[in-house]
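# Structural characterization, general
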Amino acid sequence: MNFQFSLDSIFPEDLMIIGRDLTPKVVDGSLNSSTPSEYYYKHFCRLDPSSKMALGEVLDRMGAASARAQGLSQVITTMEKLRTSENHIVYIITRKHPDRSVDGADICVGFLKVGRKRLFILDSSGGQNEVMPVSVLDFYVHESLQRHGYGRQLFDAMLQTERVEPVHLAIDRPSDKLTSFLAKHCGLRQPCPQTNNFVVYPGFFSDREEDELFYPNKRRSPMKNGYEVTSMVGINGSPSFSRHSHGSSASPCRPASREVRNLHDHHQLW
Ligand code: ACO
């Protein structure tokens, strides 16, 4: 997608990340910082007001194109939504014209938006798990550049930066193209749709640190008088979980719709 202005001053690197502070930052796996957030905040370039407006145009137009490509009536990604969402991050790829003085010749190739979402996900024993996994929220590569490996580049950068395995992601209403992408590049098959339009894959609950997945700011305490007690921890406290298990009498991975029931009938989940 072309713009009337040069993208170089907003996106000095071809692959960058932007969070709610609207400050593009470098994605560089070699930095090897101790935490993703430390790494994220160390490397950035502040934008002047006109560059920030230009950034808004890039995000808004790319978000609108993504919604059109997915046949959505509502746009999921805009600058305003990014600014007001607590933990959403956009990974974005641009390509600059070799002659940096030519306005309108740079292109924005695509973007991937992820964030932690509070979700209820069923496990194989029918337990409702209140979780907050890294979630794929919006993903778009311009039509003229699809199937050239740009989606993979965005996705790999996200996995590395967020330090997450593909199988541990939740995906918001995956399109057929994304379903095919996940099968091809990540070996993810037999999606398990949830009642909230999100999809997870077998293995979602496996091989995790207990604290890694679940709802941040709540820490599970021992059962007290038969009730689970949760308490708040600091905003940067390690995530923990709040699991509402139905116990052994619950039906396996309780289906919420015919489609889900069929899936559950045919596949061993998780
Ligand atoms: N039809 C079927 N599968 C496709 C298509 C297509 N037109 N385009 C890409 N794929 C899948 C295939 O598995 C393909 O492998 P193949 O060519 O061997 O069949 C693989 O993706 C190619 O990988 P990349 O080149 O790395 O992916 P790409 O750059 O095309 O990006 C993306 C993938 C983002 C899904 C892109 O196709 C796109 O923007 N599609 C339209 C918007 C969309 O559907 N976004 C996902 C919405 S759901 C969500 O965001 C949570």
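See the structure above.
Glancing now at the site of the ligand. In the vicinity of the ligand there are 25 residues, among which Phe139, Arg147, Ser175, Ser180 and Lys184 approach most closely. The separation between an oxygen atom of the ligand and a polar side-chain atom of Ser180 is 2.6 Å. Residue Lys184 places a side-chain N or O atom 2.8 Å away from an oxygen atom belonging to the ligand. Coverage of the ligand by the protein chains reaches 86% of its 960 Å² of free accessible surface. Only α2 (49–70), β7 (134–141), α4 (150–162), β8 (170–172) and α5 (176–186) provide two or more residues apiece to the shell around the ligand. Grouping the amino acids of the shell around the ligand by side-chain chemistry returns 10 nonpolar, 8 polar and 7 charged.

Quick look at the layout of surface pockets now. What the second largest pocket holds in volume is close to 750 Å³. Looking at the second largest pocket, it is lined by 28 residues, and the ones nearest its centre are Gln146, Arg147, Lys177, Leu178 and Phe181. At the level of secondary structure, the elements contributing two or more residues to the lining of the second largest pocket comprise α2, β7, α4 and α5. The residue inventory of the lining of the second largest pocket, partitioned by class, reads 11 nonpolar, 9 polar and 8 charged.

A sheet is described by the order of its strands in space; here 8 strands give the open sequence β2-β1-β3-β4-β7-β8-β10-β9, paired in mixed fashion. Every other strand in the sheet has two partners, leaving β2 (25–26) and β9 (192–193) as the edge strands with one partner each. Sheet topology places β9 next to strand β10 (residues 198–200); 2 bridges connect them, and they run antiparallel. Paired with Pro193 across the strands is Val199, a residue of β10. Packed onto the sheet, α2 meets β1 (15–18), β3 (89–95), β4 (107–116) and β7 and runs at close to 90° relative to β7.

So, about the packing of α4 against α5. Interaxial distance between α4 and α5 falls to 12 Å at its minimum, and their mutual angle equals 70°. Taken together, the axes of α4 and α5 lie roughly perpendicular to each other. As for how α4 packs across α5, the hand of that crossing is right-handed. Residue-level contacts link Gly151, Arg152 and Phe155 of α4 to Phe181, Leu182, His185 and Cys186 of α5. Its residues assigned to classes, the contact of α4 with α5 shows 4 nonpolar, 2 polar and 1 charged.

Definitions and limits used
Residues numbered from 1 in each chain as written. Predicted model: local features only at pLDDT ≥ 70, side-chain atom pairs only at ≥ 80, totals over all residues. Heavy atoms only, no water. Near = heavy atom within 4 Å. Polar contact = N/O pair within 3.5 Å; in protein donor to acceptor, adjacent residues only side chain to side chain. Areas by Shrake-Rupley, 256 points an atom, 1.4 Å probe, with all protein chains shown as cover. Helix = DSSP H or I, 4+ residues; strand = E, 2+ residues; numbered from the N terminus. Nonpolar A, V, L, I, M, F, W, Y, C, P; charged D, E, K, R; others polar. 1 Å grid on protein atoms, 1.4 Å probe; cavity = no way out; pocket = protein on both sides within 12 Å on 5 of 7 lines; lining within 4 Å. Points joined across faces, edges and corners; volume = space filled by probe spheres on them. Pairing = 2+ DSSP bridges. Contact = heavy atoms within 4.5 Å. Axes fitted to C-alpha atoms, helices over the stretch in contact; angles between N-to-C directions. Parallel < 35°, antiparallel > 145°, perpendicular 65-115°, else oblique. Left-handed = near helix turned anticlockwise from the far one by under 90°.

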